[in-house]
Amino acid sequence: MTRKIILDSDPGIDDAMAILFAEANSTIDLMAITTVYGNAMIENATNNALFLKKKFNLKADIVKGASKPITKTPVGPTVIVHGETGFGDMLIPKQDEALIDSRPAYQYIIDMVKENPGEITLVAIGPLTNLALALKAAPEIVNLVKEVVIMGGAFGENGHRGNVTPYAEANIHDDPHVADAVFCAPWPVVIIGLDVTQQSFFSTDYLKSLCDQSNEVGEFMWQVNQYYLQFYSKKLNLDGCFVHDPSAIAYVINPDLFTLRKGAVRVVTEGPAEAMTIQKLDDIRYPHDEWSDMPSQQVGIAVKDTELLDLFRQDIIDYANNKV
Ligand code: BDR
Ligand code: CA
């Protein structure tokens, strides 16, 4: 049986890799890409999603979402990592906007979840603004969603605490208040944060060899990754990149790749630790405990990285070669 997902994304170079991974895997039914600001302005993020739909003939609906955080002053696009328009230095032509669904992303999410009760997994790989807007407008969806899988946050496991501040990960830092609302809602959330995404690594050699075996899919992935790889090389002195957004898709395909830890999760919304994600472990009791009534969520703390890389490679190669 296939698993229906709505992929909420800010494309974004690693978002593009995640979108193609979801499309490539036969157990996933990629129903829609709902876009959000983050790596790029919302217009560019949506244009990039439309570009992927056209280039790879995706059946997924493309739905435009939030252009800015709800509470916080916008941080602005991550140009240094993803380029001016989100896809590095690739020049993406302006796409036909008539293909965009007429609803705002949050409304699309509500409608789809209600039409498919218990069946839809929301996978969010950008700031959580669309999910929070959906929750606010229709809180009852918490009982209708199958699972919420999020790439975001960092809990200090394996030494990973932040990538945009010493204590904050980019997607949560863009809109910490909404992230807190999403984690505190009584729906089942799995958080695939830096604790695990920075434990898997696409070396430049891995990417080159994969791209060489994957026709036009590989050609696009290689081209779009050039800017990203340069950032990693120049700023982090690494010959390759971490596997952020594709890790959330890997979790949906095969949860056994990850070890999860249960407990309520909160987000710090101000101060020097703004956007820090913290978890209280379920089985520990305290005399003073404001967390005791909070829903227990799951946080990824370990990953079988070699198996994850093998899964990604095989899915992309099979997809690319069946296409020709
Ligand atoms: C996350 O931030 C974005 O730059 C990436 O696309 C990913 O979703 C990693 O911190
Ligand atoms: Ca992203």
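Structure's up top.
Residues numbered from 1 in each chain as written. Chains lettered and ligands numbered in written order. Predicted model: local features only at pLDDT ≥ 70, side-chain atom pairs only at ≥ 80, totals over all residues. Heavy atoms only, no water.

### Thoughts on the environment of Val 81
When you line up the elements, Val 81 lands in helix H3 (residues 79-82). According to the relative accessible area criterion, Val 81 is buried, its value standing at 13%. Put simply, Val 81 and Asn 39 are 42 residues apart on the chain and 8.0 Å apart in space, counted from C-alpha to C-alpha. Leaving out residues up to four positions away in the same chain, Val 81 has contacts with Ile 13, Tyr 227, Tyr 228 and Phe 231. (Helix = DSSP H or I, 4+ residues; strand = E, 2+ residues; numbered from the N terminus. Buried < 20%, exposed > 50% of the residue type's maximum accessible area, 1.4 Å probe, protein only. Contact = heavy atoms within 4.5 Å.)

### Let's talk about the pairing of strand E5 (residues 147-151)
Extensive coverage of E5 is indicated by the burial of five of its five residues. The side-chain alternation of E5 yields two buried faces, one formed by Glu 147, Val 149 and Met 151 and the other by Val 148 and Ile 150. Bridge analysis of strand E4 (residues 120-124) against E5 gives four bridges, and the strand direction is parallel. Along E5, the bridge assignment pairs Ala 124 with Ile 150. In this view, the connection linking E4 to its parallel neighbour E5 by way of helix H5 (residues 129-137) has right-handed handedness. Where E5 meets strand E6 (residues 189-192), four bridges bridge the pair, whose relative direction is parallel. In the strand pairing of E6, Val 149 is matched with Val 190. (Pairing = 2+ DSSP bridges. Right-handed = clockwise from strand over helix to strand, strands pointing away.)

### Observations regarding the nonpolar core
In globular proteins that are soluble, nonpolar side chains generally tend to be buried together. Counting residues in each nonpolar core, the largest one holds 68 residues, and the members touching the most others are Phe 220 and Ile 249. Element by element, the count of residues in this core is highest for helix H1 (residues 13-24), at nine residues. Beyond its immediate stretch of four places on either side in the chain, Phe 220 contacts Ala 16, Leu 20, Phe 51, Leu 52, Lys 55, Phe 56, Phe 87 and Met 90. One finds Tyr 108, Ala 134, Ile 172 and Val 299 within the second-largest nonpolar core, a separate group that totals 40 residues. (Core = buried A, V, L, I, M, F, W, Y, C linked by side-chain atoms within 4.5 Å.)

### Some points on the pattern of salt bridges
Within this structure, the stated rule accounts for 13 salt bridges. Close ionic contact of Lys 94 with Glu 97 constitutes a salt bridge, the shortest N to O distance being 2.7 Å. Close ionic contact of Asp 289 with Lys 280 constitutes a salt bridge, the shortest N to O distance being 2.7 Å. (Salt bridge = Lys/Arg side-chain N within 4 Å of Asp/Glu carboxyl O.)

### A few points about the site of ligand 1
Taken together, Asp 14, Asp 15, Asn 39, His 82, Ile 125, Met 151, Asn 163, Glu 169, Ala 170, Asn 171, His 244 and Asp 245 make up the full set of residues adjacent to ligand 1. Within the side chain of Asp 15, a nitrogen or oxygen atom sits 3.0 Å from an oxygen atom of ligand 1. In isolation ligand 1 offers 280 Å² of accessible surface; the protein chains occlude 95% of this area. One can see that ligand 1 is located within the largest pocket. For the shell around ligand 1, the secondary structure elements donating two or more residues are H1 and helix H6 (170-174). For the shell around ligand 1, a count of residues per class yields three nonpolar, five polar and four charged. (Near = heavy atom within 4 Å. Polar contact = N/O pair within 3.5 Å; in protein donor to acceptor, adjacent residues only side chain to side chain. Areas by Shrake-Rupley, 256 points an atom, 1.4 Å probe, with all protein chains shown as cover. 1 Å grid on protein atoms, 1.4 Å probe; cavity = no way out; pocket = protein on both sides within 12 Å on 5 of 7 lines; lining within 4 Å. Sits in = over half its atoms within 2 Å of the grid points. Nonpolar A, V, L, I, M, F, W, Y, C, P; charged D, E, K, R; others polar.)

### Comments concerning empty space enclosed by the protein
According to the stated counting rule, one finds two cavities of 30 Å³ or more in the structure shown. Estimates place the volume of the largest cavity at around 40 Å³. Contributing to the lining of the largest cavity are Glu 43, Thr 46, Asn 47, Leu 50, Lys 64, Lys 94, Glu 97 and Ile 100. Here the lining of the largest cavity is composed, by residue class, of two nonpolar, two polar and four charged. Its volume calculated, the second largest cavity comes out at about 30 Å³. Lining the second largest cavity are Asp 14, Met 17, Phe 202, Asn 225, Tyr 228, Cys 241, Phe 242, Val 243 and Pro 246. Listing elements by their share of the lining of the second largest cavity, those giving two or more residues are H1, helix H10 (215-236) and strand E8 (240-242). A class-by-class count of the residues in the lining of the second largest cavity yields seven nonpolar, one polar and one charged. (Points joined across faces, edges and corners; volume = space filled by probe spheres on them.)

Without other data, these values stay purely geometric and don't point to any function.
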